[in-house]
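Residues per chain are reported as follows:
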Amino acid sequence: MKRIIYFLTIMMLPALYSCSNQYDNIDQYATDETVYIGTFYEYPSVKIGYNRVEIDLLQYFPLEYWYVDDIRDLINTIPGTTSVYRPSPDEIYMGKARKTIVEYYEGDELRRIVFDSVCSWVNIENLTSSKIYVFTIYSEDEFGNKSVPVEATGRPFTDEELAGYAFPLPYTIATPSTMDFRWGDSISSSIYKFVDLDYSYTDRNDSLRKGKLTSDVRPSFSVNELGTGNVVPIKVRCRLIPLIEDVNGVRIPIIDTVVMERMFDAKTATAEEYINARALRPIQSALLDENNLTRATVKWNGTSDHLAWTEVRYQLLDGTWTVLRVDNRQGETVCENVMRGVAFQIRCAYTPPGTTDEYISEWTNHMTPFLLEYNRRDWTAVSRGRFHPWGDDNAGPEWVGGHPMTVFDGNFQSGWHTRLGTPFPQYLLIDMKSTKTVSKVVVGNKSDEDGYWNHLELYVTDDLSIPGYTPYTVDWDEDPTLRQDRFLTWHHDMANNHLPGEIPASWGAPVAQVQVKKYGSHTFDLAQYKAGRYLIVLFPDNKITYGTYINVREVNVFGD
């Protein structure tokens, strides 16, 4: 037995000796640091901020997601959900790792940031160069041994990019003491998203005023108590979230807000500038009463901004002038004892927002005196080349639709429509049955219709010089059926045989003419009034190529 023990002892001595020097043969290959396997993501996730980036190194996921092979697929599968979070250092176990190190270059300088814990994410600040940074990230144990490093790349949003942003200019509305700043639909654009806006200024009492704008739906704010005719600097501080393109070309928000500061000059209007910029209260009509030509009614078309009141001044029958004040809510004003043929005047008073001051305009002549709208009851109309039947025929097969007489029926659903193939010029010949002074003519169509009009001319005359023309008198008290039959027979004969294509010299020059550029009715205020029995509404051409159609719904004539 002793021999066996002795033998084993002799055999183990070489082995023990060799183990005591097992590192001697690899010392020549060893470096200053021992590198161990790390447990950070192979592909860290980089989030872009303002002069900084955040890099996610670890995220915790519930067990149901552990089957995903590629961590990038996992990140793309459930970003931002409550199932994914950044664990704290206390929740991370990475063996003996104690620190997280980030290295990157700023120019030629290597920068090294040391975090005194194992981090699931790091925030790298003071990245002021507009370039793609390469970050090398690893952990160290207490002896300075490094983990296998990972790399991440990212380009921060810097002051250089912010300097290239143009803040959208608002449009402004000035009064003698206030100014409104307004944008269109929003301040946001394709490259940034609006967060909020602060503004501040010093009013005319040297008081500092501040305000905040949080809505991006037709955003606007007002500054008040600025003083008449002053220039007041307004400091605007707007917070935005820049939108940058990702690798797929889709614009995504960065993780920070940025601030753009701008100074705007609020220049308030003088009283004269303010009044000149206000339109006088619009007038729909100003007409004499056909049963009492010394009474007139002004009908108003709504009100202007900040209108306090309106006054009408007109001449009475005894030659004196009188003034009527009109309440802002009043829709019409009746003027008694009116002297005909004299232009009346209006003026308005405005109270800007934020003040009780009234600013009153000068007296201004209305463009025409009170006018009389002529009664069209007995008028007749014929057209060159018959007409094209169309529309509602409740009153007879050809009476309503297309017939020239329908321009007097007060119904915009009916109207004169020319027959296909009628050559130009085409016209309506209106017989007003007696000589009338014409000062205004309205040729009407529906607001969404142009009637094929291109050019339009008006003639007023007492001398038709049309051989064979016999004026026709309509007895409106006759049986409607007999009236229609008689009129249609006469009209067809008249249109076919007597209305010329050439304009008679006796008609003279047009009293008004226009190239049509808009839909709906056209109003002609004659600079020089013209007296005559006949009104001709003439179309020398149209704006279409597939026919010679012309369409007119109503014709109204006014005089003094």
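1. Describing the overall build of the chain
Here is step 1: Secondary structure summary: the chain contains five helices and 33 strands in total.
Here is step 2: The burial tally for the chain puts 42% of its 560 residues in the buried class.
Here is step 3: In the chain, once contacts between residues fewer than 6 apart in sequence are set aside, the share between residues at least 24 apart is 69%.
Here is step 4: Of the roughly 30300 Å² of accessible surface on the chain, 50% is carried by carbon and sulfur atoms.

2. Some thoughts on the side chain of Asp-256
Here is step 1: Relative to the helices and strands, Asp-256 resides in the loop between β14 (251-253) and β15 (258-267).
Here is step 2: With sequence-adjacent residues up to four places away left out, Asp-256 is seen in contact with Gly-49, Tyr-50, Arg-52, Leu-240, Ile-241 and Pro-242.

3. Some remarks on the sheet that holds strand β8 (residues 171-174)
Here is step 1: Strand order in the open sheet made by the three strands is β8-β9-β12, with antiparallel pairing throughout. Bordering the open sheet on either side are β8 and β12 (220-223), each of which pairs with just one other strand. Looking at each pair of strands side by side, their axes are set apart by 20 degrees on average, direction ignored.
Here is step 2: As defined by bridge partners, strand β9 (residues 179-182) adjoins β12 across four bridges and the pair is classed as antiparallel. Paired with Met-179 across the bridge in β12 is Val-223.

4. Here we look at the environment of Gln-515
Here is step 1: Take Gln-515: it is sitting in strand β30 (residues 512-515).
Here is step 2: Put simply, Gln-515 and Asn-454 are 61 residues apart on the chain and 5.8 Å apart in space, counted from C-alpha to C-alpha.
Here is step 3: Residues within four places of Gln-515 in sequence aside, it is in contact with Asn-454 and His-455.

5. Quick look at the sheet that holds strand β6 (residues 133-141)
Here is step 1: Reading across from one edge, β4-β3-β6-β7 is the order of the four strands in this open sheet, with antiparallel pairing throughout. Every other strand in the sheet has two partners, leaving β4 (109-115) and β7 (150-154) as the edge strands with one partner each. Strand-to-strand twist across the sheet, computed as the mean angle between neighbouring axes with direction ignored, equals 25 degrees.
Here is step 2: Pairing of β6 with β7, which is carried by five bridges, proceeds in the antiparallel orientation. If you follow Ile-137 over to β7, its bridge partner there is Val-150.

6. Structural notes on the pairing of strand β16 (residues 283-289)
Here is step 1: As judged from the six bridges shared by β16 and strand β17 (residues 292-300), these two strands associate in the antiparallel manner. Bridge pairing in β17 links Ile-283 to Trp-300.
Here is step 2: Adjacent in sequence and paired antiparallel, β16 and β17 are bridged by two residues.

7. Some remarks on the pattern of salt bridges
Two side chains bearing opposite charge may form a pair once their charged atoms approach each other closely.
Here is step 1: One pass over the full model with this rule turns up 28 salt bridges.
Here is step 2: Across the salt bridge formed by Lys-212 and Asp-198, the nearest N and O atoms sit 3.1 Å from each other. Within this pair, whereas Lys-212 is found in strand β11 (residues 208-213), its partner Asp-198 is found in strand β10 (residues 192-202), the two being separated by 14 residues in sequence.
Here is step 3: Of the charged contacts in the structure, one is a salt bridge between Lys-433 and Asp-431, with a shortest N-O distance of 3.2 Å.
Here is step 4: Residue classification places Lys-433 among the partly exposed residues on the basis of a relative accessible area of 23%.
Here is step 5: Connected through shared salt-bridge partners, Lys-47, Arg-52, Glu-54, Asp-56, Arg-86 and Asp-256 make up one network.

8. Details of the nonpolar core
What tends to happen in soluble globular proteins is that the nonpolar side chains get buried as a cluster.
Here is step 1: Formed by 48 residues in total, the largest nonpolar core has its most connected members in Phe-135, Leu-197, Phe-221, Val-223 and Ile-234.
Here is step 2: Those residues in contact with Leu-197, other than ones at most four positions away along the chain, are Phe-167, Trp-183, Ile-187, Gly-211, Lys-212, Leu-213, Phe-221, Val-236, Arg-237 and Cys-238.
Here is step 3: In this structure, Tyr-374, Trp-379, Phe-408 and Val-537 belong to the second largest nonpolar core, which totals 45 residues.

9. Quick look at the packing of aromatic side chains
Here is step 1: Counted according to the given criterion, the structure contains 22 aromatic pairs.
Here is step 2: Taking 6.3 Å as the distance between ring centres and 50 degrees as the angle between the ring planes, the aromatic pair formed by Tyr-50 and Phe-157 counts as tilted. Within this pair, whereas Tyr-50 is found in the loop between β1 (45-48) and β2 (53-56), its partner Phe-157 is found in the loop between β7 and α3 (159-163), the two being separated by 107 residues in sequence.
Here is step 3: What makes Tyr-50 partly exposed here is its relative accessible area of 25%.
Here is step 4: For the pair Tyr-274 and Tyr-359, a centre-to-centre distance of 5.9 Å together with 65 degrees between the ring planes defines the contact as edge-to-face. Of the two residues, Tyr-274 is situated in helix α4 (residues 271-277) and Tyr-359 in strand β22 (residues 359-360); the sequence distance between them amounts to 85 residues.
Here is step 5: Its relative accessible area of 0% is what places Tyr-274 among the buried residues.
Here is step 6: Note on Tyr-359: relative accessible area 12%, which makes it buried.
Here is step 7: Grouped by ring-pair contacts, the aromatic residues Phe-167, Phe-181, Trp-183, Tyr-199, Phe-221 and Phe-264 constitute a single cluster.
Here is step 8: Just above the ring of Trp-309 sits the side chain of Arg-325; from NZ or CZ to the centre is 3.7 Å.

10. Focus on the pairing of β17
Regular strands show a simple pattern: their side chains alternate between the two faces of the sheet.
Here is step 1: The sheet contact formed by β17 and strand β20 (residues 332-335) spans four bridges and is antiparallel. Counted as the bridge partner of Ala-296 is Cys-335 from β20.

11. Some remarks on the side chain of Thr-100
Here is step 1: On the secondary structure map, Thr-100 appears in strand β3 (residues 97-106).
Here is step 2: By relative accessible area, Thr-100 is classed as buried at 0%.
Here is step 3: Within polar-contact distance, the side chain of Thr-100 engages the backbone oxygen of Ser-117 at 2.8 Å.
Here is step 4: Among the polar contacts listed, one links the side chain of Thr-100 to the backbone nitrogen of Cys-119, at a separation of 3.0 Å.

12. Remarks on unusual backbone geometry
Here is step 1: With an omega of 0 degrees, the peptide bond running from Phe-424 to Pro-425 counts as cis.
Here is step 2: On the secondary structure map, Pro-425 appears in the loop between β27 (415-417) and β28 (426-444).

13. Some remarks on the confidence of the model for the chain
Here is step 1: Scored by pLDDT, the chain comes out at a mean of 82, with 80% of its residues at no less than 70.
Here is step 2: In this model residues 62-68 is a low-confidence stretch, pLDDT under 50, and it forms seven contacts with partners more than four residues away in sequence or in other chains.
Here is step 3: Across residues 70-82, confidence stays below pLDDT 50; counting only partners more than four residues off in sequence or on other chains, it has 13 contacts.

14. Details of the environment of Arg-281
Here is step 1: If you trace the backbone, Arg-281 turns up in the loop between α4 and β16.
Here is step 2: Overall, Arg-281 belongs to the buried group, its relative accessible area being 3%.
Here is step 3: Measuring from C-alpha to C-alpha, the distance between Arg-281 and Asp-305 comes to 9.4 Å, with 24 residues separating the pair along the chain.
Here is step 4: There is a polar contact of 3.3 Å between the side chain of Arg-281 and the backbone oxygen of Asn-328.
Here is step 5: A polar contact is formed between the side chain of Arg-281 and the backbone oxygen of Gln-330, at a distance of 2.7 Å.

Here is what the cut-offs are and how they apply
- Residues numbered from 1 in each chain as written.
- Predicted model: local features only at pLDDT ≥ 70, side-chain atom pairs only at ≥ 80, totals over all residues.
- Heavy atoms only, no water.
- Helix = DSSP H or I, 4+ residues; strand = E, 2+ residues; numbered from the N terminus.
- Buried < 20%, exposed > 50% of the residue type's maximum accessible area, 1.4 Å probe, protein only.
- Contact = heavy atoms within 4.5 Å.
- Areas by Shrake-Rupley, 256 points an atom, 1.4 Å probe, with all protein chains shown as cover.
- Pairing = 2+ DSSP bridges.
- Axes fitted to C-alpha atoms, helices over the stretch in contact; angles between N-to-C directions.
- Salt bridge = Lys/Arg side-chain N within 4 Å of Asp/Glu carboxyl O.
- Core = buried A, V, L, I, M, F, W, Y, C linked by side-chain atoms within 4.5 Å.
- Phe/Tyr/Trp six-rings, centres within 6.5 Å; stacked < 30°, edge-to-face > 60°.
- Lys NZ or Arg CZ within 6 Å of the ring centre and 35° of its normal.
- Polar contact = N/O pair within 3.5 Å; in protein donor to acceptor, adjacent residues only side chain to side chain.
- pLDDT = per-residue confidence, 0-100.

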